[in-house]
Amino acid sequence: MQIRIEYRDSPVRTPITPWVHRGVDGGYYRSTVFDPPRPRPVHGKGYPVWFVDHRGRSLVFASPEEIAHVIDVLSRKILPSSRELGQPYMAVNSHWLSRLHASFKPWKVRQELVKRLQNYPAA
């Protein structure tokens, strides 16, 4: 399991972003103001994007708040359902946890992932 950071020219929207950065002035796709605010670009580099690579798959994060949210959810011994996480949309299958690849779901893998994310300096 490896964590890396890359920089992009424009803001990145991950499957986790709508669940962490809520639109204040409208629906998520039309909002220009978010709570908590989405990250600003790093001068001379761009917008940071964090990747956790495991068994040929990657988890992608657009902000430290997203990392903290995933740590909170994945650190639970029994994963919550989409409804328990407050799924506000009609299709519960749209939640990032229901779309998480099976290679990240075993308890032992989640423990290692949470440990690595907690110890990562940018998180």
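Preceding this section is the structure that the text describes.
Residues numbered from 1 in each chain as written. Predicted model: local features only at pLDDT ≥ 70, side-chain atom pairs only at ≥ 80, totals over all residues. Heavy atoms only, no water.

1. Some details on the packing of aromatic side chains
The description of an aromatic ring pair rests on the distance of the ring centres and on the angle between the ring planes. Here is the rule: Aromatic pairs are defined between Phe, Tyr and Trp rings, using the six-membered ring for Trp, whenever the two ring centres lie within 6.5 Å; interplanar angles under 30 degrees are classed as stacked, those over 60 as edge-to-face, and all others as tilted. Cation placement over rings: the criterion is NZ of Lys or CZ of Arg within 6 Å of the ring centroid and within 35° of the ring normal.
Taken as a whole and assessed by the stated rule, the structure comprises zero aromatic pairs. Over the face of the ring belonging to Phe 51 we find Arg 4, whose NZ or CZ atom lies 4.3 Å from the ring centre. If you follow Arg 38 out to its NZ or CZ, it ends over the ring of Phe 34, 5.5 Å from the centre.

2. Details of the pattern of salt bridges
We count it as follows: We define a salt bridge as a contact between a side-chain nitrogen of Lys or Arg and a carboxyl oxygen of Asp or Glu at a distance within 4 Å. Only protein chains enter the accessibility calculation, which uses a 1.4 Å probe; a residue whose area is less than 20% of its type maximum is buried, one above 50% is exposed, and one in between is partly exposed. Comment: elements are numbered from the N terminus, with helices defined as DSSP H or I runs of at least four residues and strands as E runs of at least two.
Using the criterion set out here, one finds five salt bridges in the structure. Measuring nitrogen to oxygen at the nearest pair gives 2.3 Å for the salt bridge that ties Glu 6 to Arg 4. For Glu 6, a relative accessible area of 27% puts it in the partly exposed group. Using a relative accessible area of 25% as the deciding quantity, one classes Arg 4 as partly exposed. A salt bridge links Glu 112 to Arg 116, with the shortest nitrogen-to-oxygen separation between them at 2.7 Å. Taken together, the positions of Glu 112 and Arg 116, both in helix 3 (residues 107-119) and four residues apart, correspond to about one turn of that helix.

3. Focus: empty space enclosed by the protein
To find leftover empty space, a probe the size of one water molecule is rolled over the atoms. Keep this limit in mind: A cavity here means a set of 1 Å grid points, computed over protein atoms only, where a 1.4 Å probe fits but cannot escape. A pocket is an open set with protein on both sides within 12 Å along at least 5 of 7 lines, and lining residues have an atom within 4 Å of a point. Grid points are joined across faces, edges and corners, and a volume is the space filled by probe spheres set on the points.
Following the criterion strictly, the structure yields one cavity of 30 Å³ or more and no others. Counted as a void, the largest cavity has a volume near 50 Å³. What lines the largest cavity is simply Pro 11, Val 12, Arg 38, Pro 39, Tyr 47, Pro 48 and Ala 62.

4. So, the nonpolar core
Here is the rule: Residues grouped as a nonpolar core are buried Ala, Val, Leu, Ile, Met, Phe, Trp, Tyr and Cys residues, joined through side-chain atoms within 4.5 Å. Residue contacts are counted whenever heavy atoms from the two residues lie within 4.5 Å of one another.
Phe 61, Leu 74, Trp 96 and Leu 117 are the most contacted members of the largest nonpolar core, which totals 20 residues. Of all the elements in the fold, those that place two or more residues in this core are helix 1 (17-20), strand 4 (47-54), strand 5 (57-61), helix 2 (64-74) and helix 3. With five residues, helix 2 is the single largest residue contributor to this core. If near-sequence neighbours (up to four positions away) are discounted, Trp 96 is found in contact with Pro 15, Ile 16, Trp 19, His 69, Val 70, Val 73 and Leu 74.

5. A few points about the layout of surface pockets
For clarity, the threshold we go by: Gly is placed with the polar residues, together with every amino acid not listed as nonpolar (Ala, Val, Leu, Ile, Met, Phe, Trp, Tyr, Cys and Pro) or charged (Asp, Glu, Lys and Arg).
What the largest pocket holds in volume is close to 220 Å³. Surrounding the largest pocket, Pro 11, Ser 31, Thr 32, Val 33, Phe 34, Pro 37, Arg 38, Pro 39, Arg 40, Pro 41 and Tyr 47 form its lining. When grouped by side-chain class, the residues that make up the lining of the largest pocket number seven nonpolar, two polar and two charged.

6. Side note on unusual backbone geometry
At the junction of Asp 35 and Pro 36, the peptide bond is cis and its omega measures out at -10° in the coordinates. Among the secondary structure elements, Pro 36 is positioned in the loop between strand 3 (34-35) and strand 4. Here Arg 55, not a glycine, exhibits a phi torsion of approximately 50°, which is positive. Topologically, Arg 55 is positioned in the loop between strand 4 and strand 5. A relative accessible area of 64% means that Arg 55 is categorised as exposed.

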